[in-house]
Every structure is written in structure tokens, then in C-alpha cells.
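Observations on the model geometry
Below are the chains, spelled out letter by letter.
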Amino acid sequence: MPVEAAQRMWTRASGREVPAAERFDWFTETVSTDLLPVEIRTDRASDFHAEIGSVELGALTVSTLEFSPVWSRRTPAHIRQGDPEQYQLALVQGNAMKACQLGRDSGPVVDGFLVTHTSAPLACDTDRTGGPVRAIVLHIPRSELPLRAGRADHLVARRLPRTGLGAVMADFLTSLCDNGPDCRSEELPALGRAALDMATAYLAEQLGILEGTGPEVRARALLERAKVFIERNLDDPDLTPQAVADHHHISLRGLYALFGDEPEGVAALIRTRRLERCRADLARPELRALPIQAIAARWGLSNATVFGRAFRQAYGLTPGEYRRLALGSGSARVVERFCTLRRPSLLERA
């Protein structure tokens, strides 16, 4: 996909394109229309600054915001007007921000994470003497977050640190915003899955710290950390269930138990994700000259015979047939629809 087409998937709007006297009104209308209904006020309306961007990653959305100091309120009336039923995990930078929700006050948050919930009244404030607030917000539908119902509410309006898994989460979101416009549309759902896995692991870890390390919370956090590790190391030919277990200092039997209730076991997940990465690369015109086995090897599949057999079993086509159809038709979607009929359980993940 041309970069220009990819950039159109990332919607960006700048207050610089609006007359100075209208920028604050533009900002409030854009937030209320594109994100969620809310009342926003400022004492800098005459020289207000704002930049807004967003991209959909499958079920999740990432927003980037930079704006002059404001204070905002989301009342029950706003919730009735529109509620996307989301948790919003915000990486706050620049000026400090605080949130009051569910009876808690986060205090000033800067260079850390802040969780809010769209279905409860909310009050936010920034340091009105400071500079712009910069935030990267991951919008997670409540139905997509694999934590027990209401569990994440314990994290609302608390300052969460940018350490440990938080540092990984922050680096991922920052890199996503820096490099996302170069991504192709078919890569965005996979990025959404990775973001959800990381966010779930991070929130589960914070719940364990907050509530005490109960076995359910520890197991969920460990499972999500294992998934993130797998996703980040698919190109390593030595990535095996044993390597995953060793990295997390658990037995192989313990790792298998972690994945006991998952749709796929750990070995099947590694194989599926590698095949999905290979399939995506085979459909990329810019990699047309790269040998098929080189594509397989770059995702840890060094045995050509095993790779060809696994690919055909998964998608109903050999890698060469898939590549010829995907590149020859000019649209991998036609081929994907064919493959979905043969193997929907795999393609639903892509």
C-alpha cells in the first residue's frame, strides 16, 4: 500500500488550520464528536493550541492529543448522550493532568499512565499555569478487556507508573504513533491485538500490586506477559515453548497450564502468528523479489518443507500460489476470502 494511503487511515487535525479565535471551539467540538461528549473549559481561549490524531486498530483505537491547559467534566447527561463503554489508558506527558472518578482523585500525573472509564462521571484538570498536555490514549472496549467484570475499575483515577511493563507499554504506544502512518491497513488489527495483550498484562500487574498478589491476577499477568514475549520474538528461530518458559522462570508444565483455557496452546500460537506474519509479507509488493524461504526464515521458520506443509494446511494454498494470487490480482483480500473458506479460525485472527 502506498504511504499516502496508509496515512489516510491515521486521521489528524491541527488547530493551526483554524482561526485563532475559533480554535478552542473547534477543539471542544472535535473531542465531543469524535471521542465522546464532554464539557471543556479553558482560560486560554484566545491563544488556544490543539492537535488531534487517531487510528483504529481493529476493535481498539489509539488517539494522540496535544492541547493547552483545560478542565473538563463528563456528567450523567453526557454519558446518556453517548457512551462508547470503554476504558481509556492514557500515557500523559508534558503538563500534569489529574482525574477524579469513582470517588478517587489521581493527583497530578505526568510521564505516567492514567485510567478512566467512559461510563462513569469524570472530572479532569490540568496545571493551568503550565504548557500543553500531551497524551497518547488507548481506547479499550470494556467487552474486549479480558479481566473479570469491574476488576479494572479498581485502577480508575490512580497514577500508574511508567516502569516495568509500563515502560514496554509506553515505548510501544510512542513507536506506534511515530511509525504508524507507514503501516499497511492489514497490519493494524495485529497491532491492536498486541496493544490489547500489553495493556492487559500491564493492568493485571498493577491489580496484583494494588490488591495483593492473588493467584488469579498473577496467572493472568503472567499469561499476557508470555503472549507479549512471543509476539516480540517471532523472528527468533529459537523461540519455543521451552524458551518462553525459561524466560519467565516457570516450568514447561506450568506454561502449558497457563494456556489451558486459551483457544490455542503455546506451540500452536507461535506457529499461527509466524504463519500470519509470513502470509502478510507474501502479499507485499515491495517484497516481491525476496525468496519465499527468506520470508519464512525472517519469521523463524527455517525448514522449507515444514513451512510449506504448514502454510498449505493453514490456508489451503502453497506459499507460492498465495503470493502469485495476492500480487497478481492486485488485492490480497480476494485471496483472503478464499482462504477464510478453507480455514476461518486462523484468518479471523489476522
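Note that the structure is predicted; figures quoted are calculated from it, not measured.

Moving on, we come to helix 4 (residues 165-179). In an α-helix there are 3.6 residues to a turn, and that puts residues three or four apart on one side. Its 15 residues place the ends of helix 4 21 Å apart at the C-alpha level, agreeing with the 21 Å of an ideal helix rising 1.5 Å per residue. Of the residues making up helix 4, those classed as buried are Leu165, Gly166, Met169, Ala170, Phe172, Leu173, Leu176 and Cys177. Looking straight down helix 4, one finds its buried side chains confined to an arc of 160°; they lie on one side.

Before going further, it helps to examine the nonpolar core. With 40 residues, the main nonpolar core has Phe113, Leu138 and Leu203 as its most contacted residues. Residue contributions to this core peak at 12 residues, all from helix 5 (residues 188-211). Excluding residues that lie within four positions of it along the chain, Leu138 makes contacts with Leu60, Thr61, Val62, Tyr87, Gln88, Leu89, Met169, Ala195 and Ala199. Formed by 31 residues, the second largest nonpolar core is a distinct cluster that contains Leu223, Ala226, Val266 and Leu301.

For Glu264, the position within the fold is in the loop between helix 8 (252-258) and helix 9 (266-282). At 2.7 Å, the side chain of Glu264 and the side chain of Thr272 are in polar contact.

Consecutive side chains along a regular strand alternate between the two faces of the sheet. Note that strand 2 (residues 39-41) and strand 5 (residues 71-74) share 3 bridges and pair antiparallel. Across the sheet, the residue bridging to Glu39 is Arg73, located in strand 5. One ladder, built from 4 bridges, connects strand 5 with strand 10 (residues 122-126); its direction is antiparallel. The residue of strand 10 that forms the bridge with Arg74 is Leu122.

Scored by pLDDT, the protein comes out at a mean of 84, with 87% of its residues at no less than 70. Per-element mean pLDDT across the protein ranges from 34 in helix 14 (residues 344-347) up to 96 in strand 5. Counting contacts from residues 1-8, a segment whose pLDDT is below 50, to residues more than four positions away or on other chains yields 10 contacts. Between residues 340-350, whose pLDDT stays under 50, and residues either more than four places distant or in other chains, the model counts 24 contacts.

Here the focus is the packing of aromatic side chains. Centre distance and the angle of the planes are the two values used to describe a pair of aromatic rings. By the definition in use, this model includes 7 aromatic pairs. Site record: aromatic cluster; members linked through ring pairs are Phe24, Phe27, Phe48 and Phe67. The cationic tip of Arg128 hangs over the ring face of Trp71; the distance from NZ or CZ to the ring centre is 3.7 Å.

Thresholds applied
- Residues numbered from 1 in each chain as written.
- Predicted model: local features only at pLDDT ≥ 70, side-chain atom pairs only at ≥ 80, totals over all residues.
- Heavy atoms only, no water.
- Helix = DSSP H or I, 4+ residues; strand = E, 2+ residues; numbered from the N terminus.
- Expected span 1.5 Å × (residues − 1).
- Buried < 20%, exposed > 50% of the residue type's maximum accessible area, 1.4 Å probe, protein only.
- Arc of directions from axis to C-beta.
- Core = buried A, V, L, I, M, F, W, Y, C linked by side-chain atoms within 4.5 Å.
- Contact = heavy atoms within 4.5 Å.
- Polar contact = N/O pair within 3.5 Å; in protein donor to acceptor, adjacent residues only side chain to side chain.
- Pairing = 2+ DSSP bridges.
- pLDDT = per-residue confidence, 0-100.
- Phe/Tyr/Trp six-rings, centres within 6.5 Å; stacked < 30°, edge-to-face > 60°.
- Lys NZ or Arg CZ within 6 Å of the ring centre and 35° of its normal.

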